[in-house]
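Fold and geometry: a report
Listed below are the residues making up each chain.
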Amino acid sequence: MEAPTVAVMSELAPQELRVLVAVAREGSFTAAAGRLGLTQSAVSHAIASCERKVGAVLFDRGRHGARPTPAGERAAAQARRILRLLDTLPDEARGAATGRATGTVRIAAFRSAAAHLLPPALERLTARHPLLTPEVRIVPDVGRGTAGEVADGRADLAIATLDGATPPPAGLVTATLFDEPYALVHPVGAADPRALPLVDWTENCSSYTRRWWAEQDWIPRATVDAGDDSVVLSMVARGLGMAIMPGLALLGAPAAVAVTDLGPRRPTRAVGYATTPELAGTLAVRALIRELRSAAPPVLDGSIQRTDA
């Protein structure tokens with residue numbers, strides 16, 4: 001009996017992966033060619049080769065340029081992750097001999113975590129690993145959020161909220177660092193803070209507070225929309241309303257802002273990290289996780305509690 005015939009996909013070369021990523025980023029073959037120092041025909045040939053080897057159309061071509069198809073989006077994300085591993089290979093090899101992490105570690109974080117959680121951890125990280133350079137990007141905590149940046153190969157580790165309406169993409173390594181409580185925020189001296197208009201922002205609107213808010217009959221519909229949590233604090237300080245805000249965002253709040261605990265049934269969210277299985281074992285990511293775990297979490301009136309991960 002003859003063995004069944006199995007089609008074997010030819011391996012994609014690193015240069016083809018780089019072209020694939022460049023076209024997805026730039027949105028056209030011409031722009032990708034300029035970024036990579038190649039001719040437009042060389043880029044076109046590389047993409048045709050990728051599509052032939054993958055067995056799927058990766059880009060829609062037209063006068064608009066080159067837009068990734070769903071298959072192209074997935075392929076570009078995988079290509080970024082593969083190229084990142086290739087980039088870290090020399091640093092990992094050197095680190096195996098010295099025990100020191102080198103190179104870069106790319107971090108995606110939502111604004112309040114980047115402002116209050118990361119700096120002390122990165123200070124200790126770079127003191128122990130002086131040849132390691134952190135790169136931090138602020139990513140809104142909506143949709144796929146910071147964890148999506150890791151899944152798509154744009155970050156090595158994300159500081160993420162892990163119990164929101166949109167769970168982290170499948171296949172990532174995640175762990176909770178601490179639970180972050182929400183509190184009522186209002187102008188100092190307000191006679192009846194709960195009667196003030198609600199100041200809200202997009203990241204908060206899509207958050208865990210909705211489960212708690214649905215049980216409250218005193219919270220009005222949002223009457224003031226702000227860009228982010230720092231703008232909310234500024235508006236509250238000016239007496240424009242009250243807000244329901246997470247603890248990290250309240251660290252360093254203006255003196256004109258008062259914070260009132262919402263009681264034992266207050267809403268909380270889990271703050272943690274997300275990375276890929278392959279990067280979780282690298283020296284740089286392991287060192288960063290160690291510093292994030294070892295640090296006492298920021299405290300708002302003693303109400304932020306560490307959890308066992």
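First, a word on what this report is: a plain description of the structure on this page. (Residues numbered from 1 in each chain as written. Predicted model: local features only at pLDDT ≥ 70, side-chain atom pairs only at ≥ 80, totals over all residues. Heavy atoms only, no water.)

Moving on: the packing of aromatic side chains. Ring pairs (aromatic) are described by centroid distance and by the angle formed between their planes. Within the structure shown, the criterion is met by two aromatic pairs. Relative to F59, the ring of F29 lies with its centre 6.5 Å away and its plane at 90°, an arrangement referred to as edge-to-face. Taken as a pair, F29 in helix α2 (residues 29–36) and F59 in strand β1 (residues 59–62) lie far apart in primary sequence, 30 residues in all. Assessed through its relative accessible area of 9%, F29 is described here as buried. When its relative accessible area of 1% is taken as the criterion, F59 is described as buried. Relative to W218, the ring of W212 has its centre 6.4 Å away and its plane inclined at 80°; by these criteria the two rings are edge-to-face. (Phe/Tyr/Trp six-rings, centres within 6.5 Å; stacked < 30°, edge-to-face > 60°. Helix = DSSP H or I, 4+ residues; strand = E, 2+ residues; numbered from the N terminus. Buried < 20%, exposed > 50% of the residue type's maximum accessible area, 1.4 Å probe, protein only.)

Looking now at the side chain of T102. On the secondary structure map, T102 appears in the loop between α4 (70–98) and β3 (103–109). A polar atom in the side chain of T102 sits 3.1 Å from the side chain of D91. In contact with T102, other than residues within four places in its own chain, are D91, R94, L131 and L132. (Polar contact = N/O pair within 3.5 Å; in protein donor to acceptor, adjacent residues only side chain to side chain. Contact = heavy atoms within 4.5 Å.)

Let's shift gears to the pattern of salt bridges. Enumeration over the complete set of coordinates arrives at 18 salt bridges. Close ionic contact of R25 with E26 constitutes a salt bridge, the shortest N to O distance being 3.4 Å. Judged by its relative accessible area of 47%, R25 falls in the partly exposed class. Of the residues examined, E26 reaches a relative accessible area of 28% and is grouped as partly exposed. The partner of R266 in a salt bridge is D261, with the nearest N and O atoms 2.7 Å apart. (Salt bridge = Lys/Arg side-chain N within 4 Å of Asp/Glu carboxyl O.)

Another point: the pairing of strand β2 (residues 65–68). The sheet contact formed by β1 and β2 spans four bridges and is antiparallel. Residue pairing for β2: G62 is matched across the bridge by G65. Counted between consecutive antiparallel strands, the loop separating β1 from β2 contains two residues. (Pairing = 2+ DSSP bridges.)

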